[in-house]
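Residues per chain, in single letters:
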Amino acid sequence: MYFNKEMETLTRPEIEKLQLERLQKTVSHCMNSAFYRRRFEEVGIKPEDIKTLDDLKKIPFTTKADLRSTYPFGMASVPLEKCVRLHSSSGTTGNPTVVLHTQKDLDQWAEAVARCLYMVGLRKTDVFQNTSGYGMFTGGLGFQYGAERLGMLTVPAAAGNSRRQIKFIKDFGTTGLHAIPSYLGRLYEVMKEEGVDPKRDTKLRTLIIGAEPHSEEQRRRIEEMYGAKAYNSFGMSEMCGPGVAFECPEQNGMHIWEDYCIVEIIDPETLEPAKEGEVGELVLTTINREAMPLLRYRTRDLTRILPGECPCGRHHLRLDRMKGRSDDMIILKGVNIFPIQVENILMNFKELGTNYLITLETDDSNYNDEMLVEVELSNPLTDDGRLQSLTREITRQLKDELLITPRVKLAQKGSLPQSEGKAVRVKDLRKTATF
Ligand code: ADP
Ligand code: ZN
């Protein structure tokens, strides 16, 4: 039932006792970080002031902007020679965010992921295929080490090449598959083209879906396509990556491992705690990290804590499906994109005006989510050759910046809708969007 029975079955009082111990240790340890030392001085608090879990509120929030401004190593709480890995978050403008890990951090991360995978019924005898991008994307190595820790035969198939993915699924007898939900629609289409029926021709039984928002309906559709159970997996690079919160077999919200972090839900406007059970911004404090602990990190993800106990026996809080973000970040095919990144590229071209529109849509033929970028020309241009080469060059630069390839359409000046007041830059028409 449990990968780590002791931690997974802690009662509420036991969780809180452990959290306070670990919080106090973490806060003291944070004084090795130049950033947190200064922060604590600025607001006039000392680690000794944290006497109860409620005292956490005395500590200022940490934001993505803090991570960027301390790029690359300013948040570290250990000397660099103790760190063995660095991950960096995808799709941000300016400085990326860097997360450092010691060997102990990596071990604990692997255990968190192993716990999640075991929780949904995966065992040593399973074959686990991971379709995440490897490299800086934490979904690659994160699931790899977690699945290996559990003892599964793990296939680092990485992203793309659907025909090869299908061949591996069939030939290796893959039973567990990790993929972003939008990709599973596409993979199913390719299976159909190849005459492969996942229910008849594969051993797929457990799907892990996450890294991007999706609806309950989308999950059910995926489960029907593949004849397999699909479990929601939530994580982010700042919190290591996958393994932060995960559904149990009850599929009624994602347990968040409270021996690893302390959960708060705040009102993103007032920054006060949200009312019990209400949707707000998820704020997380890591309590087991060495290289780079984060205190009250504002994730920007909007969710709520589900009421009541879970029949599975775990008392770790359950988060509702993510409801969106409190910033303007778009998640397309698991890649984080800020509209300003698109704007910055477009503004490099003197041929282009300032009015543009990003439309996110689902291609009905293959369930693929796509980005359309429409932008007005600054002056009339009718030379077809010139229009085509300009479109190609814009597409190339956007692809380099965003890591996904958008469709680019040039529009004549004045032809795109002009919004009054705050410009509406993004239209989300995705079938799968939950917000
Ligand atoms: P990843 O490589 O997992 O996408 P990032 O750090 O690049 O990690 O992105 C993390 C963000 O992705 C989260 O803050 C959240 O907005 C989104 N995300 C991750 N998992 C889910 C999920 N299961 N449901 C909705 N959004 C998710
Ligand atoms: Zn449960």
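This is a predicted model, so every value here is computed, not measured.

1. With respect to the overall build of the chain
Then comes step 1: On a plain count of helices and strands, the chain comes out with twelve helices and 20 strands.
Then comes step 2: A globule of 435 residues ought to have a C-alpha radius of gyration of about 22 Å, and the chain, at 23 Å, matches this closely.
Then comes step 3: With the principal axes as the frame, the chain shows a C-alpha extent of 70 × 60 × 45 Å.
Then comes step 4: By residue count, 57% of the 435 residues in the chain fall in the buried class.
Then comes step 5: Measuring between centres, the 60 positive side-chain charges of the chain sit 3 Å from its 63 negative side-chain charges.

2. Here we look at the coordination of the zinc ion (ligand 2)
Then comes step 1: Protein-derived ligands of the zinc ion (ligand 2) are Cys248 (SG), His255 (NE2), Cys310 (SG) and Cys312 (SG), with the metal-ligand distances lying across 2.1 to 2.3 Å.
Then comes step 2: Coordination at the zinc ion (ligand 2) is tetrahedral, judged from the four donor atoms that bind it and the angles of 103 to 116 degrees they form at the metal.
Then comes step 3: Sequence positions of the residues that donate to the zinc ion (ligand 2) give the spacing C-x6-H-x54-C-x1-C.
Then comes step 4: Residue Cys248 is classed as buried on the basis of its relative accessible area of 0%.

3. Looking at the nonpolar core
Note on soluble globular proteins: their nonpolar side chains tend to be buried together.
Then comes step 1: Residues Tyr36, Phe40, Ile59, Phe234, Ile256, Leu284 and Leu294 are the most contacted members of the largest nonpolar core, which totals 41 residues.
Then comes step 2: Looking at which element gives the most residues to this core, the answer is strand β10 (residues 261–266), with four residues.
Then comes step 3: Non-local contacts of Leu284, meaning those with residues more than four positions away in its chain, are made with Met236, Met239, Val244, Ile256, Cys261, Ile262, Val263, Leu294, Leu295, Arg296, Tyr297 and Thr299.
Then comes step 4: Listed in part, the 25 residues of the second largest apolar core include Ala114, Met119, Tyr231 and Tyr260.

4. Concerning the domain arrangement of the chain
Then comes step 1: Each assigned domain of the chain is listed here: domain 1 (1–326) and domain 2 (329–428).
Then comes step 2: Its C-alpha centre places domain 1 at a distance of 31 Å from the equivalent point of domain 2.
Then comes step 3: Of the residues lining the interface, 18 residues belong to domain 1; the matching set on domain 2 comes to 19 residues.
Then comes step 4: Around 1,500 Å² of area is buried between domain 1 and domain 2 when both sides are counted, 59% of it from carbon and sulfur atoms.
Then comes step 5: Applying the counting rule to domain 1 against domain 2 returns zero salt bridges.
Then comes step 6: The tally of links between domain 1 and domain 2 comes to two residue pairs in polar contact (both at pLDDT 80 or more).
Then comes step 7: At the level of elements, α8 (181–193) and α10 (216–226) are the ones that each hand at least two residues to the side of domain 1 that touches domain 2.
Then comes step 8: A per-element tally of the side of domain 1 that touches domain 2 places α8 first, with four residues.
Then comes step 9: In terms of residue class, the side of domain 1 that touches domain 2 is built from five nonpolar, seven polar and six charged.

5. Examining the sheet that holds strand β4 (residues 153–155)
Then comes step 1: With mixed pairing, the eight strands of this open sheet are ordered in space as β4-β3-β5-β6-β7-β8-β9-β13. The sheet is open, and its two edges are formed by β4 and β13 (318–319), each paired on a single side.
Then comes step 2: Direction of pairing for strand β8 (residues 245–247) relative to strand β9 (residues 254–256): antiparallel, over a ladder of three bridges. Residue pairing in the sheet places Phe246 in a bridge with His255 of β9.
Then comes step 3: Relative to strand β3 (residues 127–130), helix α6 (residues 138–150) is tilted by about 170 degrees, and along the sheet it contacts β3, β4, β5 (176–179), β6 (206–210), β7 (229–234) and β8.
Then comes step 4: Those strands touched by α10 are β6, β7 and β8, and its axis lies near 140 degrees from that of β7.

6. Considering the pairing of β6
Then comes step 1: Burial within β6 is extensive, with five of its five residues counted as buried.
Then comes step 2: Burial along β6 is two-sided: Thr206, Ile208 and Gly210 and Leu207 and Ile209, pointing in opposite directions, are all buried.
Then comes step 3: Across five bridges, the pairing between β6 and β7 is parallel. What sits directly across from Ile209, in β7, is Asn232.
Then comes step 4: At this point the chain moves from β6, through α10, to the parallel β7, and the crossover so formed is right-handed.

7. Details of the sheet that holds strand β17 (residues 352–363)
Then comes step 1: Strand order in the open sheet formed by four strands is β19-β18-β17-β20, with mixed pairing between adjacent strands. Every other strand in the sheet has two partners, leaving β19 (407–411) and β20 (426–428) as the edge strands with one partner each. Within this sheet the neighbouring strands show an average axis-to-axis angle of 20 degrees, counted without direction.
Then comes step 2: Examined bridge by bridge, β17 and strand β18 (residues 368–377) share nine bridges and lie antiparallel to one another. What sits directly across from Leu360, in β18, is Met371.
Then comes step 3: Sheet strands touched by helix α12 (residues 384–402): β17, β18 and β19. Its angle to β19, the strand with the most contacts, is close to 135 degrees.

8. Notes on the site of ligand 1
Then comes step 1: Taken together, 20 residues lie around ligand 1, and Asn232, Ser233, Ser237, Asp301 and Asn336 are the ones closest in.
Then comes step 2: Here a nitrogen atom of ligand 1 and a side-chain polar atom of Asn232 are 2.8 Å apart.
Then comes step 3: Taking Ser233, its main chain carries an N or O atom lying 2.7 Å from a nitrogen atom of ligand 1.
Then comes step 4: For ligand 1, the accessible surface in isolation is 550 Å², of which the surrounding protein chains cover 94%.
Then comes step 5: Each residue belonging to the shell around ligand 1 can be placed in one class, and the counts come to six nonpolar, ten polar and four charged.
Then comes step 6: Residues from two domains meet in the shell around ligand 1; each of domain 1 (1–326) and domain 2 (329–428) gives at least three.

9. As for the packing of helix α5 (residues 103–119) against α6
Then comes step 1: Running from N to C, α5 and α6 point in directions that differ by 75 degrees, and their axes come no closer than 7 Å. Judged by the inter-axis angle, α5 sits roughly perpendicular to α6. Along its contact with α5, which presents Asp107, Trp109, Ala110, Glu111, Val113, Ala114, Leu117 and Tyr118, the element α6 presents Thr138, Gly142, Phe143, Tyr145, Gly146, Ala147, Arg149 and Leu150.
Then comes step 2: In terms of residue class, the contact of α5 with α6 is built from ten nonpolar, three polar and three charged.

The rules behind these values
- Residues numbered from 1 in each chain as written.
- Chains lettered and ligands numbered in written order.
- Predicted model: local features only at pLDDT ≥ 70, side-chain atom pairs only at ≥ 80, totals over all residues.
- Heavy atoms only, no water.
- Helix = DSSP H or I, 4+ residues; strand = E, 2+ residues; numbered from the N terminus.
- Rg over C-alpha atoms; globule rule 2.2 N^0.38 Å.
- Buried < 20%, exposed > 50% of the residue type's maximum accessible area, 1.4 Å probe, protein only.
- Lys, Arg positive; Asp, Glu negative; His and termini not counted.
- Charge placed at Lys NZ, Arg CZ, Asp CG, Glu CD.
- Donors = N, O, S within 2.8 Å, 3.2 Å for Na, K, Ca; no water.
- Tetrahedral: all angles 85-135°; square planar, octahedral: opposite > 155°, others 65-115°.
- Core = buried A, V, L, I, M, F, W, Y, C linked by side-chain atoms within 4.5 Å.
- Contact = heavy atoms within 4.5 Å.
- Domains from an automatic or database assignment.
- Buried area = accessible area lost by both parts, 1.4 Å probe.
- Salt bridge = Lys/Arg side-chain N within 4 Å of Asp/Glu carboxyl O.
- Polar contact = N/O pair within 3.5 Å; in protein donor to acceptor, adjacent residues only side chain to side chain.
- Nonpolar A, V, L, I, M, F, W, Y, C, P; charged D, E, K, R; others polar.
- Pairing = 2+ DSSP bridges.
- Axes fitted to C-alpha atoms, helices over the stretch in contact; angles between N-to-C directions.
- Right-handed = clockwise from strand over helix to strand, strands pointing away.
- Near = heavy atom within 4 Å.
- Areas by Shrake-Rupley, 256 points an atom, 1.4 Å probe, with all protein chains shown as cover.
- Parallel < 35°, antiparallel > 145°, perpendicular 65-115°, else oblique.

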